[in-house]
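Structural description and commentary
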Amino acid sequence: MFLSERIFMMTLPLFFSVMSLNCSLWQDNSMSVKRFAFARFSEVTEQCFLLFTLILLMFLASLTGNALIATAIWTNPVLHTPMYFFLANLSLLEIGYTCSVIPKMLQSLVSEARGISREGCATQMFFFLLLGTSECCLLAAMAFDRYMAICSPLHYATRMSRGVCVHLAMVSWGVGCMVGLGQTNYIFSLDFCGPCEIDHFFCDLLPILALACGDTSHTEAAVFVAAILCVSSPFLLIIASYGRILAAVLSMPSPEGRRKALSTCSSHLLVVTLFYGSASVTYLRPKASHSPGIDKLLALFYTVVTSMLNPIIYSLRNKEVKAALRRTLGKTKIHIQPKIKERKRSSHCGLEGYKPK
């Protein structure tokens, strides 16, 4: 119950945000373009099917891995600690993150149904920004948790209590909700006179801005500033936390203690590097260096590849997670096997005591 105690309270603002977003879009009648279409990846059908297969396999692997991590944490009381509470939230974020983008991307790759309504595009952008920003904040909360565990171990239980962890998770989701709603409303309040083809796989900020009419330099500057605040602020908190952690680790007299402390941070550091590396290259580099091909490859990386790698990183480098996954999968097998045996028993029960004449 530690994982899901306030999940309703955390998701309730999403419904009101989407409702207000759609209402504002329907009330705006100034836009001439009511429907967009995603550009084709390639005119060669075989290339599209190859990419479809690769993305589908990575998507299924991401869903399976993150669902297993969340289930293992949910069902194993040993993992009901702050570190794994945040990890379960991260897995749920990754599931929502990929589901908001990949299904429509897969449909556009292999069918002619590449269109999306203005409302559908705005909704996709809202959830993409919400979940992406929430992940930035959640990674910062995870770094703070590691800082408290290593630098203040005697006060860790009181300072990282159950209520504090829930509030940090709620703040992460809340900040993502506000950023997603504000940015989406701001961008879709612009005029779109045509063309209506999005040179991308999904409704991302920069490809949609490229379709807006008139001078969009002020809007691009606002989006850039928001990206700096949303991406850089949590990243600076992560850097500050790990700076204190490194200082504390170097002052430890025991090599075994230093190794153990660093091993608890290595998985999180690797995930932070993957996520922030791709996000920074995408949103913080100058406009002149952007190209549709590179942007698409980067988009595939931070929407599919990183979401698939996160469960692998945490399960391979964490003995407790591996043990919990084994217990979870073992319970599943135990539940299935008695049902099979009972079916076999019931199939013979009508023959008991029967003797052929």
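Residues numbered from 1 in each chain as written. Predicted model: local features only at pLDDT ≥ 70, side-chain atom pairs only at ≥ 80, totals over all residues. Heavy atoms only, no water.

This paragraph deals with the overall build of the protein chain. Counting its regular elements, the protein chain contains twelve helices and three strands. In the protein chain, which comprises 357 residues, the proportion classed as buried is 46%. The long-range fraction of contacts in the protein chain, counting pairs at least 24 apart against all pairs at least 6 apart in sequence, stands at 82%. For the protein chain, the accessible surface area stands at approximately 18,200 Å², while carbon and sulfur atoms represent 69% of it. (Helix = DSSP H or I, 4+ residues; strand = E, 2+ residues; numbered from the N terminus. Buried < 20%, exposed > 50% of the residue type's maximum accessible area, 1.4 Å probe, protein only. Contact = heavy atoms within 4.5 Å. Areas by Shrake-Rupley, 256 points an atom, 1.4 Å probe, with all protein chains shown as cover.)

Its volume calculated, the largest pocket comes out at about 620 Å³. Lining the largest pocket are 26 residues, and of these Met83, Tyr84, Thr264, Asn318 and Glu320 sit closest to its centre. Among the elements that take part in the lining of the largest pocket, helix α10 (residues 255-283) stands out by supplying eight residues, more than any other. When grouped by side-chain class, the residues that make up the lining of the largest pocket number ten nonpolar, seven polar and nine charged. (1 Å grid on protein atoms, 1.4 Å probe; cavity = no way out; pocket = protein on both sides within 12 Å on 5 of 7 lines; lining within 4 Å. Points joined across faces, edges and corners; volume = space filled by probe spheres on them. Nonpolar A, V, L, I, M, F, W, Y, C, P; charged D, E, K, R; others polar.)

Further remarks concern the packing of helix α3 (residues 82-99) against helix α5 (residues 118-151). Orientation of α3 relative to α5, taken along the N-to-C sense of each, is 165 degrees, at an axis distance of 10 Å. Taken as axis vectors, α3 and α5 run roughly antiparallel relative to one another. Relative to α5, the crossing made by α3 is left-handed. Listed contacts from α5 to Pro82, Met83, Phe86, Leu87, Asn89, Leu90, Leu93, Glu94, Gly96 and Tyr97 of α3 are Phe128, Leu131, Gly132, Ser134, Glu135, Leu138, Leu139, Ala141, Met142, Asp145 and Arg146. Among the residues making up the contact of α3 with α5, the classes are represented as 13 nonpolar, four polar and four charged. (Axes fitted to C-alpha atoms, helices over the stretch in contact; angles between N-to-C directions. Parallel < 35°, antiparallel > 145°, perpendicular 65-115°, else oblique. Left-handed = near helix turned anticlockwise from the far one by under 90°.)

So, about the environment of phenylalanine 192. Tracing the backbone through its elements, the reader meets phenylalanine 192 in the loop between α7 (162-187) and β3 (197-198). Counting along the chain gives 156 residues from phenylalanine 192 to phenylalanine 36, while the straight-line C-alpha distance between them is 9.9 Å.

In terms of nonpolar packing, the biggest core is built from 87 residues, with Phe36, Ile55, Leu139, Phe188, Phe192 and Ile208 touching the most fellow members. Per-element accounting of this core gives the leading share, 18 residues, to α5. Residues contacting isoleucine 208, with those up to four places away along its chain left out, are Cys121, Met125, Ile187, Phe188, Phe192, Ile198 and Cys203. (Core = buried A, V, L, I, M, F, W, Y, C linked by side-chain atoms within 4.5 Å.)

This next bit is on α7. With 26 residues, α7 ought to run about 38 Å at 1.5 Å a step, and its terminal C-alpha atoms sit 38 Å apart, in line with that. Those residues of α7 that sit buried are Cys165, Val166, Ala169, Ser172, Trp173, Gly176, Cys177, Val179, Gly180, Gln183, Thr184 and Ile187. (Expected span 1.5 Å × (residues − 1).)

Quick look at the UniProt feature "transmembrane region" (unreviewed entry) in the protein chain now. This chain's UniProt record puts "transmembrane region" (unreviewed entry) on residues 49-74, 86-106, 126-144, 164-182, 221-240, 261-279 and 299-317. Secondary structure within residues 49-74 divides into 100% helix and 0% strand; the distance between the first and last C-alpha atoms comes to 37 Å. Here residues 126-144 runs as 100% helix and 0% strand, with 27 Å between its end C-alpha atoms. (UniProt positions renumbered as here; feature names shortened; annotations may be inferred.)

Scanning the entire structure with this criterion turns up three salt bridges. In this structure, the salt-bridge partner of glutamate 119 is arginine 118, at a minimum N-O distance of 3.8 Å. There is no split in this pair, since glutamate 119 and arginine 118 are both buried. The partner of glutamate 256 in a salt bridge is arginine 259, and the shortest N-O contact between them spans 2.7 Å. Placement of the pair is glutamate 256 and arginine 259 together in helix α10, with a separation of three residues, close to one helical turn. (Salt bridge = Lys/Arg side-chain N within 4 Å of Asp/Glu carboxyl O.)

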